[in-house]
Amino acid sequence: KQEVTQIPAALSVPEGENLVLNCSFTDSAIYNLQWFRQDPGKGLTSLLLIQSSQREQTSGRLNASLDKSSGRSTLYIAASQPGDSATYLCAVYSGGGADGLTFGKGTHLIIQP
Amino acid sequence: DVKVTQSSRYLVKRTGEKVFLECVQDMDHENMFWYRQDPGLGLRLIYFSYDVKMKEKGDIPEGYSVSREKKERFSLILESASTNQTSMYLCASSLRTVANVLTFGAGSRLTVL
């Protein structure tokens, strides 16, 4: 059964820093990986989806990379801003139905002004 | 933009009450999902539907049922609410396959007293 781990569980950095969030998964036979953002008390917002054949995806200040063979993905946030404060979750799709989608528990990010 | 609307943001119910959580999406997505999110446990799949009148159990279906009579609407039903069903409930949808981008609603925070 696929397991997805996000370390650290929480991270606090000063504004302006570039930072990396990590996502690791145990079974490398995946179809894709999604990164989400969740603001307190709200639903999840999809940030980036990387197909298994891709190495990275970029959207604005966000860059997500995927290394299937090592079971890892990183989300790089450039020039962090207080508005980036949120919980970031990754989800891996391993095939089949909805039970093939496995979420990590997220990294709670605080950007200090 | 795809919108997933959850009709109730906050609900307070009594033990034993029947509870309906409604979810509507406006972009003709085939797949709809119900998750619950609890601190330390992450997102857990309750039920999934890939078409009208079709449903599949997720990881934690006990105590819940669902209804999908129309493509745009997916309802989660708690037949007899219990205190351990106090949680954040998240509805999501995706186009054609589970492998596509998930769009989430804003969430429904249910408290059972």
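Above this text sits the structure in question.
Residue positions are given per chain, counted from 1 along the sequence in the order it is written. Chains carry letters and ligands carry numbers; both start at the beginning, A for chains and 1 for ligands, and go up in the order they are written. At least 70 in pLDDT is required for a residue's local features to be given in this predicted model, at least 80 for side-chain atom pairs to be given and counted, and no such filter applies to totals for whole chains, interfaces and linings, which use all residues. As a rule here, side-chain values come from all non-hydrogen atoms in the structure, and water together with hydrogens is ignored.

Novice: For this particular structure, what's the right way to read the overall build of chain B?
Specialist: Here a helix means four or more residues in a row that DSSP labels H or I, a strand means two or more in a row labelled E, and each is numbered from the N terminus. Along its length, chain B carries 0 helices and 11 strands. Sequence-ordered secondary structure for chain B, helices as α and strands as β, is β-β-β-β-β-β-β-β-β-β-β. With the C-alpha coordinates aligned to their principal axes, the bounding extent of chain B is approximately 40 × 25 × 25 Å. The rule is simple: take the accessible area with a 1.4 Å probe, protein chains only, and divide by the maximum for that residue type; under 20% is buried, over 50% is exposed, in between is partly exposed. Per-residue burial for chain B yields a buried fraction of 49% across its 113 residues. As presented, chain B carries roughly 5,400 Å² of accessible surface, and 51% of it is formed by carbon and sulfur atoms. For this count, His and the chain ends are skipped, Lys and Arg are scored as positive, and Asp and Glu as negative. The atoms used to mark charge sites are NZ of Lys, CZ of Arg, CG of Asp and CD of Glu. Computed over 16 positive and 14 negative side-chain charges, the inter-centroid distance for chain B is 4 Å. Residue burial considers only the protein chains on display, and all accessible areas are found by Shrake-Rupley using a 1.4 Å probe.

Novice: I keep staring at the sheet that holds strand 1 (residues 4-6) of chain B and nothing clicks. Help me out?
Specialist: Across a sheet, strands are paired by hydrogen bonds formed along the backbone, either parallel or antiparallel in direction. All names here are of chain B. Read from one edge to the other, the open sheet built from 4 strands follows the order 1-3-8-7, with strand pairing classed as antiparallel. The open sheet is flanked by strand 1 and strand 7 (64-70), the only strands paired with a single partner. On average, each strand axis in the sheet is inclined to that of its neighbour by 20 degrees, with strand direction left out of account. Pairing between strands is defined by DSSP: at least two bridges between them are needed. In this sheet, strand 3 (residues 19-25) lies alongside strand 1 in antiparallel orientation, the contact comprising 3 bridges. Residue pairing in the sheet places Thr 5 in a bridge with Val 24 of strand 3. Whenever a helix is involved, its axis is fitted only over the stretch in contact; in every case the axis is a line through C-alpha atoms, and angles between N-to-C directions fall within 0 to 180 degrees.

Novice: How should I be thinking about the pairing of strand 7 of chain B in this particular structure?
Specialist: Sheet faces and side chains relate simply in a regular strand, where the side chains alternate between the two faces. Residue and element names in this part refer to chain B. Pairing analysis gives 5 bridges linking strand 7 to strand 8 (residues 73-78), with the strands arranged antiparallel. Across the sheet, the residue bridging to Val 66 is Leu 76, located in strand 8. Between strand 7 and the antiparallel strand that follows it, strand 8, lie 2 residues.

Novice: I would appreciate a short explanation of the interface of chain B and chain A in the present structure.
Specialist: Where interface size is quoted, it is often the accessible area lost as the parts come together. Whether two residues are in contact is decided by their heavy atoms, any of which lying within 4.5 Å being enough. Every contact between the two is made by 20 residues of chain B and, on the other side, 18 residues of chain A. Two parts placed together each lose some accessible area under a 1.4 Å probe, and adding up what both lose gives the buried area. Carbon and sulfur atoms supply 63% of the area buried between chain B and chain A, which totals about 1,500 Å² over both sides. The term salt bridge refers to a side-chain nitrogen of Lys or Arg lying within 4 Å of a carboxyl oxygen of Asp or Glu. One can count 0 salt bridges joining chain B with chain A. Whenever two N or O atoms come within 3.5 Å, that pair is a polar contact, provided that in protein one can donate a hydrogen and the other can accept it, and provided that, for residues adjacent in sequence, both atoms are side-chain atoms. There are 6 residue pairs in polar contact (both at pLDDT 80 or more) connecting chain B and chain A. Counting residues per element, the ones that place at least two in the side of chain B that touches chain A are strand 4 (31-38), strand 5 (42-49) and strand 9 (87-94) of chain B. When residues in the side of chain B that touches chain A are grouped by element, the largest group, 4 residues, is from strand 5 of chain B. Here the side of chain B that touches chain A is built from residues that sort into 14 nonpolar, 5 polar and 1 charged. Each residue gets one of three labels, nonpolar for Ala, Val, Leu, Ile, Met, Phe, Trp, Tyr, Cys and Pro, charged for Asp, Glu, Lys and Arg, and polar for the others, Gly among them.

Novice: I would appreciate a short explanation of unusual backbone geometry in the present structure.
Specialist: Residues apart from glycine generally show negative phi values, whereas peptide bonds are mostly found in trans. The linkage connecting Ile7(A) with the following residue, Pro8(A), adopts the cis geometry, with an omega of 5 degrees. Tracing the sequence through the fold places Pro8(A) in the loop between strand 1 (4-5) and strand 2 (10-14). Phi is positive for Lys53(B), which is not a glycine, with a value near 65 degrees. Residue classification places Lys53(B) among the exposed positions, given a relative accessible area of 58%.

Novice: Whenever I open this one, the packing of aromatic side chains confuses me. Can you help?
Specialist: Aromatic ring pairs are reported here in terms of the distance separating the ring centres and the angle at which the planes meet. To pair, rings of Phe, Tyr and Trp, with the six-membered ring standing in for Trp, must have centres within 6.5 Å; the planes then decide the type, stacked if under 30 degrees apart, edge-to-face if over 60, and tilted in the middle. Applying the stated criterion across every chain, the model contains 10 aromatic pairs over all chains. Through pairs of rings, three or more aromatic residues link up here, namely Phe36(A), Phe103(A), Phe33(B), Tyr35(B), Phe48(B), Tyr50(B) and Phe104(B).

Novice: I keep staring at the side chain of Ser94(B) and nothing clicks. Help me out?
Specialist: All names here are of chain B. Along the polypeptide, Ser 94 turns up in strand 9. With a relative accessible area of 0%, Ser 94 lands in the buried category. Beyond its immediate stretch of four places on either side in the chain, Ser 94 contacts His 29, Glu 30, Asn 31, Phe 33, Asn 100, Val 101 and Leu 102.

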